[in-house]
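Fold and contact review
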Amino acid sequence: MDETNGDFAARAEQHPEAIRRLEAQAIAAATQPLAQALNRAQQDANTRWLHATAGHPIPEPGALARLIEAIRQSLTRAFRGQGAHAQRAAEQAANAAEQLGETQAAALAAAMSREPPPRRDRPRSNRRRAKAAWDVAAAIPATVEQEFRRALALCTEQAVRAFRGFTGVFQRAKRAIGRIAASVAVTVATAAAAGAKTIATEAGARLLWVAEPGACPACAAYAGRSIAPGEYFPGGLSLDPRRTVFWTPIPGPPRHPNCCCALIPWRPEWNRGGTPLPDLLRMRARMGGH
Ligand SMILES: [Zn+2]
């Protein structure tokens, strides 16, 4: 059975979904140890606080100083090694995402070109080709350290008195989890795009932007646009410029930290008649991807 451009558009829109699934797994792997350690430390802090206050609003000064020192140590233990762990998880995700990007792109290119996919030798490390993704992963420990320091800075008598406990400290500390998640998401989307770029380069093809179904107005505006590998998509596109605009030109997704848009290889001569694939992708994104 011959596939149409519409079939290819539907297949292409499965790519963001696969990237999204990988991203969710990678975020869980990268953040769970810190999230669990902080929950334990917070429970411990609450228990100690209740014990130290013993019915009063604030512990007496000597007890408060000892309590704060204990929480500082517990926070330090909770964060120990977490940046390095999250970096390793992000690097594993970068490898997996780059391979996913390659596999998806190769399968689609083979279907569209009606040629079997070339046999591929898998390099031992993809660091070089997905360098941008690995750079994001490498910055995670410094980010985690920064959030740790900020949480520690709130672990003072004054702040703890103001908050009547350690809620503020742990709220601040848990921002590290969100920042790891954002970095992992960018790592995954960037590496997946690098994988697609490899295939497009080999196939002498362009790179076509596939918006995630239900994408934001900025991403939807990129759907169906294409570049030659090595070129940049323009900045400043959006279907709703009052709401969402990102100004920097980019070599591909992610357009923003939560973006799971994908790139696919595409050549005009792969057209099957009827509405060309780029137009289909553009129209589908403008209708919400369905
Ligand atoms: Zn997007």
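Read on for an overview of the structure. These numbers were taken from a predicted model, which means no experiment stands behind them.

Along its length, the protein carries 10 helices and 3 strands. Scanning the protein from its N terminus toward the C terminus, one meets helices and strands in the order α-α-α-α-α-α-α-α-β-α-β-β-α. Here the C-alpha coordinates of the protein stretch approximately 80 × 45 × 30 Å along the principal axes. A burial count over the protein gives 45% of its 290 residues as buried. Considering only residue pairs separated by 6 or more positions, the protein has 77% of its internal contacts joining residues 24 or more positions apart.

Before going further, it helps to examine the packing of helix H4 (residues 82-113) against helix H6 (residues 140-153). With their axes 8 Å apart at the nearest point, H4 and H6 run at an angle of 145° to one another. In this structure, the crossing between H4 and H6 has a hand that is right-handed. Contacts from Gln 82, Gly 83, Ala 84, Ala 86, Gln 87 and Ala 90 in H4 reach Ile 140, Pro 141, Val 144 and Glu 145 in H6. Across the contact of H4 with H6, the residue classes tally to 6 nonpolar, 3 polar and 1 charged.

So, on to helix H2 (residues 14-53). An ideal rise of 1.5 Å per residue puts 58 Å on 40 residues; H2 measures up with 55 Å between its terminal C-alpha atoms. Approximately 45° is the largest bend angle found in H2, and it occurs at Thr 31, with the proline Pro 33 only one to four residues beyond. Looking one or two residues beyond H2, the residue adopting positive phi is Ala 54, at roughly 45°.

Moving on, we come to the sheet that holds strand E2 (residues 226-227). With respect to topology, 3 strands assemble into an open sheet ordered E2-E1-E3, the strand pairing being antiparallel. If you trace the sheet from one side to the other, it starts and ends with E2 and strand E3 (262-266), each paired once. Pairing geometry for strand E1 (residues 206-210) and E3, over 5 bridges, is antiparallel. Looking across to E3, one finds that Leu 208 is bridged to Ile 264. Docked against the sheet, H2 engages E1 and E3, running at close to 140° with respect to E3.

The subject of this paragraph is the nonpolar core. Counting 90 residues, the largest nonpolar core has Val 184 and Val 188 as the members making the most contacts within it. Those residues within four positions of Val 184 in sequence are excluded, and the remaining contacts are Ala 26, Ile 27, Ala 30, Ala 89, Ala 90 and Ala 93.

The subject of this paragraph is the packing of H2 against helix H3 (residues 61-79). Describing two packed helices takes the angle between their axes plus the distance from one axis to the other. At a minimum axis distance of 9 Å, the contact between H2 and H3 shows a crossing angle of 170°. It follows from the interaxial angle that H2 and H3 lie roughly antiparallel. Between H2, through Ala 37, Leu 38, Ala 41, Asp 44, Ala 45, Arg 48, Trp 49 and Ala 52, and H3, the contact on the second element is made entirely by Ala 63, Leu 67, Ala 70, Ile 71, Ser 74, Leu 75 and Ala 78. Within the contact of H2 with H3, the residues separate by chemical class into 12 nonpolar, 1 polar and 2 charged.

Moving on to the pairing of E1. Most of E1 is tucked away, with 4 of its 5 residues classed as buried. Where E1 meets E2, 2 bridges bridge the pair, whose relative direction is antiparallel. If you follow Leu 208 over to E2, its bridge partner there is Ser 226.

About the cut-offs
- Residues numbered from 1 in each chain as written.
- Predicted model: local features only at pLDDT ≥ 70, side-chain atom pairs only at ≥ 80, totals over all residues.
- Helix = DSSP H or I, 4+ residues; strand = E, 2+ residues; numbered from the N terminus.
- Buried ≥ 20, exposed ≤ 12 C-beta atoms within 10 Å, placed from the backbone.
- Contact = placed C-beta atoms within 7 Å.
- Axes fitted to C-alpha atoms, helices over the stretch in contact; angles between N-to-C directions.
- Left-handed = near helix turned anticlockwise from the far one by under 90°.
- Nonpolar A, V, L, I, M, F, W, Y, C, P; charged D, E, K, R; others polar.
- Expected span 1.5 Å × (residues − 1).
- Bend = angle between axes of the 7 residues up to and from the residue.
- Pairing = 2+ DSSP bridges.
- Core = buried A, V, L, I, M, F, W, Y, C linked by C-beta atoms within 7 Å.
- Parallel < 35°, antiparallel > 145°, perpendicular 65-115°, else oblique.

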